[in-house]
Amino acid sequence: MTNKFLPKLSQNLLEILDDEEYYDITIEVGNDPNVKVFRAHMVILNYRSPYLRRILSTNKKKNDGTLTSIKLPNILPETFHIILRYIYGGKISFEECDISDIIKILITANELGLQELTPFLETFLIKSRKDSIEQNFDLIYQISFENDSFLELQKYCNELISKEPNKIFNSPRFSSIPEKLLVTIIQNDKLQMSEVQIWEHVIKWGLAQNPELSSDPKSYSKEDFNTLKNTLQQCIPFVRFHDLTSKEFSNNILPYKKILPKELYENLLKDFLDNNYKPIKKSKPRIIEEIKEINPKNIDSRIITFQHAELISKWIDKLEITDKIRNHYEFKLLYRSGFDAPKGFHKFCDNQPGTVTIVKLKGSNEILGGYNPIEWKSEGCYSVTKDSFIFSFKNIDSIENHILSRVKDETKALYNGNYGPSFGYCDLRIYCSEYTDKLGIYCKKISYEEPITGANPVIEKYEVFRIVKA
């Protein structure tokens, strides 16, 4: 019974807002040419918004009967209209709002001190607009960290970027993120990305801040190095150089040695010139949370990363990319192509249920692959299954641009040929020349739903893993 009459109260208060007779304050909102004047009531604004209360305390009602008037130039009229109706009626609707509108409402609600509305909007975004958050992730991430009040949004963004850092690193707006935000990202102990990739993105950001600099450090003058050093001086202390291999240090760090602090460079040089040097995690290690069975240490792959493995695991369980992972799988390496290419695959992979094949194409960053839920044989015949699929990732460093193609002709889902794994008639077929022992690959859409790559791919290497539920 306590809440039974609240809808009527809300309706009456909104009628008061719309009434043109009893208002005692005008509020000019926006900047030219987008300006609108709203009529309101001081007593309601005073008790509903701490921010407006402070303004009104210096604009007491005048004894001569003239109206009080205030200005809010930093708020859009469309946003304030929604907020004002919430202040009066306690109601808010998002039916015609896209995510940018909701973010504007969130920022305005926080500015006006509507403390109960801010966490509600954060929860609404996280639960009801996940897809929109991911599509505009770099913008949402930046806004959430520009204001310490958006704690739930910060937490959600941190968890998401830990698992899928390329959502911000590969964003077209990455180069424009503030330095403070970049430092926050690379400080993240749970970031699912190798240290050399983090370094490459830091350099990319630094060059974007100085478009006059070449992408080739060999052409740099002393002034050029100093410019880049000054730009990245807040970021460099948080790069975990001791987590790199000697090769990564040689290829990726040495060309930029002049932007490192002298003492840091000398210590790194001493360590990496040690013949017995291995990454020793002098800095605090990045922590892999939640999915302990699928992490870089448990994926003995020279091609894929944790992110690829996690998404493939979701596809095995027929989940979408945005779904929460259901089962934890361990990727156990069975075979890596090498000098025994004509016979090695069947020797190590036959009679092994549930395998994933990963293919690296030559001369590109593209990865192909396929999942076989049953066993490979050496019988020169087709195997039937409705659960196999093939896939591709266009960029070895990202999972965003991918193709998933499930089997459509179950009778030709898998072909047990003489050499490598084969999916469909020729949808993804790996073979080996009898004369040269060189690997070859066919990719033509026949037995599966979608083509996974363009014409005439050239294979560089491939790996086969057994997928075991933990």
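Rules and cut-offs
Residues numbered from 1 in each chain as written. Predicted model: local features only at pLDDT ≥ 70, side-chain atom pairs only at ≥ 80, totals over all residues. Heavy atoms only, no water. Helix = DSSP H or I, 4+ residues; strand = E, 2+ residues; numbered from the N terminus. Rg over C-alpha atoms; globule rule 2.2 N^0.38 Å. Buried < 20%, exposed > 50% of the residue type's maximum accessible area, 1.4 Å probe, protein only. Domains from an automatic or database assignment. Core = buried A, V, L, I, M, F, W, Y, C linked by side-chain atoms within 4.5 Å. Phe/Tyr/Trp six-rings, centres within 6.5 Å; stacked < 30°, edge-to-face > 60°. Pairing = 2+ DSSP bridges. Axes fitted to C-alpha atoms, helices over the stretch in contact; angles between N-to-C directions. Contact = heavy atoms within 4.5 Å. pLDDT = per-residue confidence, 0-100. Polar contact = N/O pair within 3.5 Å; in protein donor to acceptor, adjacent residues only side chain to side chain. Lys, Arg positive; Asp, Glu negative; His and termini not counted. Salt bridge = Lys/Arg side-chain N within 4 Å of Asp/Glu carboxyl O. Parallel < 35°, antiparallel > 145°, perpendicular 65-115°, else oblique. Nonpolar A, V, L, I, M, F, W, Y, C, P; charged D, E, K, R; others polar. Disulfide = S-S within 2.5 Å.

### A few points about the overall build of the protein chain
When you go through the protein chain residue by residue, the secondary structure sums to 17 helices and 14 strands. Computed over its C-alpha atoms, the radius of gyration of the protein chain comes to 29 Å, more than 25% above the 23 Å expected for a compact globule of 470 residues. Taken along its principal axes, the extent of the C-alpha atoms in the protein chain is 100 × 60 × 40 Å. The buried share among the 470 residues of the protein chain stands at 46%.

### Topic: the domain arrangement of the protein chain
What the domain assignment lists for the protein chain is domain 1 (5-128), domain 2 (194-273) and domain 3 (306-469). Each of domain 2 and domain 3 has a C-alpha centre, and these two points are 37 Å apart.

### What to know about the nonpolar core
With 84 residues, the main nonpolar core has Leu 45, Trp 199 and Ile 259 as its most contacted residues. The leading source of residues in this core is helix H12 (residues 195-209), at seven residues. Each of domain 1 (5-128) and domain 2 (194-273) accounts for three or more of the residues forming this core. Ranked by size, the runner-up nonpolar core spans 22 residues in total, among them Tyr 335, Ile 430, Ile 459 and Tyr 462.

### Here we look at the packing of aromatic side chains
Considering all chains together, one arrives at 21 aromatic pairs under this definition. On the basis of an interplanar angle of 65° and a centroid distance of 5.3 Å, the ring pair of Trp 199 and Phe 241 is categorised as edge-to-face. Residue Trp 199 is found in helix H12, and its partner Phe 241 is found in the loop between helix H13 (222-231) and helix H14 (246-253); the two are separated by 42 residues along the sequence. Centroid distance Phe 345 to Trp 376: 5.7 Å. Interplanar angle 70°. Geometry classified as edge-to-face.

### Here we look at the sheet that holds strand E14 (residues 459-469)
Sheet architecture is open: six strands sit in the order E4-E14-E5-E6-E8-E9, paired in antiparallel fashion. A single partner strand is all that each edge strand has here, and the edge strands are strand E4 (329-336) and strand E9 (402-406). Between one strand axis and the next, the sheet turns through 20° on average, direction left out of account. One ladder, built from five bridges, connects strand E6 (residues 367-372) with strand E8 (residues 389-393); its direction is antiparallel. Within the sheet, the bridge partner assigned to Gly 370 lies in E8 and is Ile 390. Sitting on the sheet, helix H16 (residues 306-316) touches E4, strand E5 (355-361), E6, E8, E9 and E14, and the angle it makes with E8 is about 155°.

### Focus on the pairing of E8
When a strand is regular, its side chains alternate between the sheet's two faces. Burial within E8 is extensive, with five of its five residues counted as buried. Of the two faces of E8, the one carrying Phe 389, Phe 391 and Phe 393 and the one carrying Ile 390 and Ser 392 are both buried. Two strands pair when backbone bridges link them, and E8 and E9 are joined in this way by five bridges, in the antiparallel orientation. Paired with Phe 389 across the bridge in E9 is Arg 406.

### Quick notes on the confidence of the model for the protein chain
Taken residue by residue, the protein chain gives an average pLDDT of 86. The fraction at 70 or more is 90%. Low pLDDT, under 50, characterises residues 288-294; the stretch is placed with 25 contacts to residues that sit more than four places away or in other chains.

### Overview of the pairing of strand E12 (residues 428-432)
Among the five residues that make up E12, four are buried, leaving the element largely enclosed by the rest of the structure. Where strand E11 (residues 422-423) lies against E12, two bridges are found, and the strand directions are antiparallel. Note on E12: the bridge partner recorded for Ser 422 is Arg 429. The antiparallel pairing of E11 with E12 creates a hairpin that spans four residues between the two strands, and Gly 424 there sits at a positive phi of about 75°. Of the strand pairs in this sheet, E12 and strand E13 (residues 439-442) are connected by four bridges, and their pairing is antiparallel. The residue bridging Ile 430 from the neighbouring strand is Ile 441, located in E13.

### A word on the sheet that holds strand E7 (residues 382-383)
Ordered in space as E7-E10-E11-E12-E13, the five strands form an open sheet in which the pairing is antiparallel. Both outer strands of the open sheet, E7 and E13, are each paired with one neighbouring strand and no more. As defined by bridge partners, E7 adjoins strand E10 (residues 414-415) across two bridges and the pair is classed as antiparallel. Residue pairing for E10: Tyr 382 is matched across the bridge by Tyr 415.

### A look at the environment of Gln 154
With respect to the helices and strands, the residue Gln 154 is situated in helix H9 (residues 151-163). For the pair Gln 154 and Leu 414, spaced 260 residues apart in sequence, the C-alpha separation works out to 45 Å. A polar atom in the side chain of Gln 154 sits 2.8 Å from the backbone oxygen of Ser 144.

### Focus on the side chain of Glu 122
Within the element layout of this structure, Glu 122 appears in helix H6 (residues 117-128). Within the buried core, Glu 122 has no salt-bridge partner, and the shortest N-O distance to an opposite charge, that of Lys 155, equals 11 Å. What Glu 122 contacts, discounting residues up to four positions off in sequence, is Leu 106, Ser 149, Phe 150, Leu 151, Glu 152 and Leu 153.

### Considerations on the environment of Glu 200
Assignment of secondary structure puts Glu 200 in helix H12. Separated by 145 residues in the primary sequence, Glu 200 and Ile 55 have C-alpha atoms spaced 48 Å apart.

### Some remarks on the packing of H12 against H14
Helix-helix packing: each pair is described by the crossing angle between the helix axes and the interaxial distance. The contact between H12 and H14 brings their axes to 11 Å, and the two run at 10°. Considered as vectors, H12 and H14 are oriented roughly parallel to each other. On H14, the residues that touch Val 196, Trp 199 and Glu 200 of H12 are Glu 248, Asn 252 and Ile 253. Of the residues belonging to the contact of H12 with H14, the class tally is three nonpolar, one polar and two charged.

### Some thoughts on the state of the cysteines
If you walk through the whole model with that rule in mind, you get zero disulfides. Cysteine Cys 97 remains unbridged, with the sulfur of Cys 157 as its closest cysteine sulfur at 19 Å. No disulfide involves Cys 426; its nearest neighbouring cysteine sulfur is the one of Cys 443, lying 9.2 Å away. Its relative accessible area of 15% is what places Cys 426 among the buried residues.

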